[in-house]
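# Notes for the structure review
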Amino acid sequence: MKLIAILILLIFFLPQLAAAELEIGMDIPLKNKEIYQENRLVAGVSWYERGQVVLTNTGDEKLHNILVSVDVPLQMDIEIPVQAMKNISADNNNVTARIGELGPGESISFIFSVKPPESIEFKKKGSFAISASYEDSTGTHSTSYTHVVEVVPPPSWITYGTVLASICIILLAFLVAWKFNVLEAFTTIDLITIALLAGLIGVVFRWFWQTFNDLLGPLGGLLFTIPTAVLMIIALQIVRKPGTATLLFTVVELVALVVWGSNITVWMGWYMTEGIIVDILVLLFKKDYADRRSTAIIYAVARSAYAYWMFYFFFAPAVWKVYYAPWYAWGEVGIAAIGGLIGGAIGYSIAKKVRGAMI
């Protein structure tokens, strides 16, 4: 009797077991997952985020008449971009795709775009409910999959706070410069030196970096951090005045504004902090203007790491609403620190020779 019962159960459940042949997966946003944080959408952005549904036949026979339905959460608007697969439609908050057949081991995918909500009060979860029906030799079957994403509020208050803080930093820098007559300490030769070095950083090496950055992939930042560190150390050793680094990077950004059209006016205060950090370190090391290789490396590493940290963890999410994968962002900060280390060491050697020739 037990054997008969087992056979009956096998006969009853075997078709269902054999029918579990269609695997469903989804990626959103459709960006490089090794760089950008996956499964996170930002409310209030002006663009549509693309999502991709992937269907894979994991069985041993061909599937027919596949019908896929995707329920889009949070009342997000839907667009169907141009793609190879044609039988895709959107109606209200639902995407429907029809596939004629899918052979064993084959995969097929389709893309749709959604626009995140204009605004939400708090971070919340959203679920893309995907269901599919298909036919094989045993009959009609169905399967489902739920893909969960995180929708975060637009960081508008962070953006406004960032602008306000930037303005405060600029005003504070001018107040300190006026109070302690910092600018009066710089001679005409000092200002010309800083302007020339800032021009090299903001025009020549920035062009070089923008042109050849993609050739080195994640290491492309070295093309900018190394020469910037070298020229910063040269400026410190030649000018040797409090506020040298702050003035240098302020002029660099002003040059970028004129030459490249960069919209950095409201962020100027934050760019100035790259130099402020170096000038503070100079004071902490008892006005050591990179006179030792060790301090030159410390200044260069601090500036480079800080600049890249600000971009990936502050400007990108707060201003441009782009979230990078944490491991990638920290990796870029680490690469920037390596660039600072190399640039600081090279800059020290060059600066000593330049200063010796001037003396």
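Everything numeric here is computed off the predicted structure, so don't read it as measured data.

### Focus: the sheet that holds strand 10 (residues 139-152)
Taken together, the 6 strands give an open sheet; going across it, the order is 2-10-9-4-7-6, and neighbouring strands pair in mixed fashion. The open sheet has two edge strands, strand 2 (40-42) and strand 6 (88-91), and neither has a second partner. Pairwise comparison of adjacent strand axes, ignoring direction, gives a mean angle of 25° for this sheet. The pairing of strand 2 with strand 10 spans 3 bridges and is parallel.

### Considering the pattern of salt bridges
Counting across every chain of the model gives 6 salt bridges. Across the pair Glu-101 and Lys-62 runs a salt bridge, and its minimum N-O distance is 3.6 Å. Taken together, the positions of Glu-101 in strand 7 (residues 94-102) and Lys-62 in the loop between strand 3 (49-57) and strand 4 (63-71) put the pair 39 residues apart, joining distant regions of the chain. Lys-62 sits in the partly exposed class, given a relative accessible area of 37%.

### Thoughts on the pairing of strand 1 (residues 22-27)
By the alternation rule, side chains of strand 1 split into Leu-22, Ile-24 and Met-26, which are all buried, and Glu-23, Gly-25 and Asp-27, of which none is buried. Both strand 1 and strand 3 contribute to a ladder of 6 bridges, which runs antiparallel. Among the inter-strand pairings, Gly-25 is bridged to a residue of strand 3, identified as Val-54.

### Quick notes on a nonpolar patch on the surface
There is a patch of nonpolar side chains on the surface, built from Ile-338, Leu-341, Ile-342, Ile-346, Ile-350, Val-354 and Met-358 and spanning about 570 Å² of accessible area. Counting through the fold element by element, Val-354 comes out in helix 8 (residues 326-358).

### A short note on the packing of aromatic side chains
Two numbers describe a pair of aromatic rings. These are the distance of the centres and the angle of the planes. Counted by the stated rule, this structure contains 11 aromatic pairs. A centroid spacing of 6.1 Å and a plane angle of 25° characterise the contact between Trp-309 and Phe-313, whose relative ring orientation is stacked. One end of the pair is Trp-309 and the other is Phe-313, both in helix 7 (residues 293-318) and 4 residues apart, which spans about a single turn. The class for Trp-309 is partly exposed, based on a relative accessible area of 34%. By relative accessible area, Phe-313 is classed as partly exposed at 28%. In textbook terms, an aromatic cluster arises when at least three aromatic residues are bridged by ring pairs, as seen for Tyr-308, Phe-311, Tyr-312, Tyr-324, Trp-327 and Tyr-328.

### Structural notes on the sheet that holds strand 8 (residues 107-115)
Strand order in the open sheet formed by 4 strands is 1-3-8-5, and the pairing between neighbours is antiparallel. Only two strands of the sheet have a single neighbouring strand rather than two, namely strand 1 and strand 5 (77-79). Strand-to-strand, the axes of this sheet are offset by a mean angle of 30°, without reference to chain direction.

### Details of unusual backbone geometry
Omega for the peptide link from Ile-28 to Pro-29 comes to -5°, which places this bond in the cis form. Mapping Pro-29 onto the fold places it in the loop between strand 1 and strand 2. In this structure, Arg-240 takes a positive phi of about 55° despite not being glycine. The exposure class assigned to Arg-240 is partly exposed, which follows from its relative accessible area of 25%. Of note, Lys-287 is a non-glycine position whose phi angle comes to about 55°, a positive value. As for its placement among the helices and strands, Lys-287 is situated in the loop between helix 6 (268-284) and helix 7.

### Topic: the environment of Gly-347
Within the secondary structure layout, Gly-347 lies in helix 8. Sequence-wise, Gly-347 and Ala-296 are 51 residues apart; in three dimensions their C-alpha atoms are separated by 7.7 Å. Setting aside anything within four residues of it in sequence, one finds Gly-347 in contact with Val-230, Ile-233 and Ile-234.

### Brief notes about the pairing of strand 7
In the sheet, strand 4 pairs with strand 7 via 8 bridges, with the strands oriented antiparallel. Across the sheet, His-64 pairs through a bridge with Glu-101, a residue of strand 7.

### With respect to the packing of helix 4 (residues 222-239) against helix 8
Where helix 4 contacts helix 8, the axes come no closer than 7 Å and their chain directions differ by 35°. Considering the relative orientation of helix 4 and helix 8, their crossing is right-handed. A per-class count over the contact of helix 4 with helix 8 returns 16 nonpolar, 7 polar and 2 charged.

### Focus: the side chain of Gln-52
Considering the arrangement of structural elements, one finds Gln-52 in strand 3. Among the residues examined, Gln-52 registers a relative accessible area of 18% and is labelled buried. Among the polar contacts made by the side chain of Gln-52, one reaches the side chain of Ser-109 at a distance of 3.2 Å. Those residues in contact with Gln-52, other than ones at most four positions away along the chain, are Gly-25, Met-26, Asp-27, Leu-30, Ser-109, Phe-110 and Ile-111.

Reading the values: the criteria
Residues numbered from 1 in each chain as written. Predicted model: local features only at pLDDT ≥ 70, side-chain atom pairs only at ≥ 80, totals over all residues. Heavy atoms only, no water. Pairing = 2+ DSSP bridges. Helix = DSSP H or I, 4+ residues; strand = E, 2+ residues; numbered from the N terminus. Axes fitted to C-alpha atoms, helices over the stretch in contact; angles between N-to-C directions. Salt bridge = Lys/Arg side-chain N within 4 Å of Asp/Glu carboxyl O. Buried < 20%, exposed > 50% of the residue type's maximum accessible area, 1.4 Å probe, protein only. Patch = residues over 30% accessible without salt bridge, like charges linked within 9 Å, V, L, I, M, F, W, Y side chains within 5 Å. Areas by Shrake-Rupley, 256 points an atom, 1.4 Å probe, with all protein chains shown as cover. Phe/Tyr/Trp six-rings, centres within 6.5 Å; stacked < 30°, edge-to-face > 60°. Contact = heavy atoms within 4.5 Å. Left-handed = near helix turned anticlockwise from the far one by under 90°. Nonpolar A, V, L, I, M, F, W, Y, C, P; charged D, E, K, R; others polar. Polar contact = N/O pair within 3.5 Å; in protein donor to acceptor, adjacent residues only side chain to side chain.

What is shown is where atoms sit, not what they do.
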